[in-house]
Amino acid sequence: MGLLTEGINEVIATTDGNAAPMGIINRGGALHMVLFRGSHTAENVVRDRWVVANFVFDPVLYVRTAFDDLPGEAFVREEIDGTAVCRLRDVEAWAAFAADVERAGDESIVVRLAPLKEEVLDLRLHPVNRGFSSIIDATVHATRYVRSRDPWLGRLIEHHAGLARKCGGPREWEALDLLRRYIGDPTRD
């Protein structure tokens, strides 16, 4: 797939009416996702056997979809070879994948992805922004923090919050405020 680079690609993954930040792992052209059992994304992927990677560069959307549901009008249906998939309306690009469970454990499943279709809608240049990257990292830590209240994760969130405040702009600061509303103050745990 031309849109994914080697390593872990952070995207907003959509399944049927659901959106969540996810990492798509690309190692030597083999594409995988690790999904946590009990999540809407995991349940939908196992049931429907497809997922869409949405390429979007809005830090607020990453935080929001990690902790909340989007309204129905945020999604668009696409048909690919007789299969209806769901993508986000406001994206720069998207890629749809067939998804098959490769391994299943007690806490997570590993899903193998096979490309179905990709489309670039509105490609823009995105210079590297450490503030945006820090929001992504803080959000990843926060999704684990809300389950465990691990102080170490709280310190990591605070580290990335400091970088987002220093290196980000208004949209990253808004994302950081939203993240704090979802998880509270990790320095108090």
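Refer to the preceding data block for the structure.
This section reports on the structure supplied with the text. These numbers were taken from a predicted model, which means no experiment stands behind them. (Residues numbered from 1 in each chain as written. Predicted model: local features only at pLDDT ≥ 70, side-chain atom pairs only at ≥ 80, totals over all residues. Heavy atoms only, no water.)

## Some words on the sheet that holds strand β8 (residues 108-120)
Argument step 1. Spatial strand order, β1-β2-β3-β8-β7-β4: 6 strands in a closed barrel with antiparallel pairing. Each adjacent strand pair in this sheet contributes to an overall mean axis angle of 45°, direction not counted.
Argument step 2. Contacts from helix α1 (residues 40-48) reach β1 (7-15), β2 (18-27), β3 (30-36), β4 (50-55), β7 (93-104) and β8 within the one sheet, and its direction differs from that of β2 by about 70°. (Pairing = 2+ DSSP bridges. Helix = DSSP H or I, 4+ residues; strand = E, 2+ residues; numbered from the N terminus. Axes fitted to C-alpha atoms, helices over the stretch in contact; angles between N-to-C directions. Contact = heavy atoms within 4.5 Å.)

## As for the packing of aromatic side chains
Argument step 1. With the rule as written, the count across this model stands at 3 aromatic pairs.
Argument step 2. Seen from their ring centres, phenylalanine 57 and phenylalanine 132 are 6.3 Å apart, and the 45° between their planes marks the pair as tilted. A residue pair is termed long-range when its members are at least 10 positions apart, and phenylalanine 57 in the loop between β4 and α2 (59-67) and phenylalanine 132 in helix α3 (residues 130-148) qualify at 75 residues.
Argument step 3. On the accessibility criterion, phenylalanine 57 (40% relative accessible area) is partly exposed.
Argument step 4. Ring geometry for tyrosine 62 versus phenylalanine 132: centroids 5.9 Å apart, planes at 85°, classification edge-to-face. One end of the pair, tyrosine 62, is in helix α2; the other, phenylalanine 132, is in helix α3, with 70 residues separating them in the sequence. (Phe/Tyr/Trp six-rings, centres within 6.5 Å; stacked < 30°, edge-to-face > 60°. Buried < 20%, exposed > 50% of the residue type's maximum accessible area, 1.4 Å probe, protein only.)

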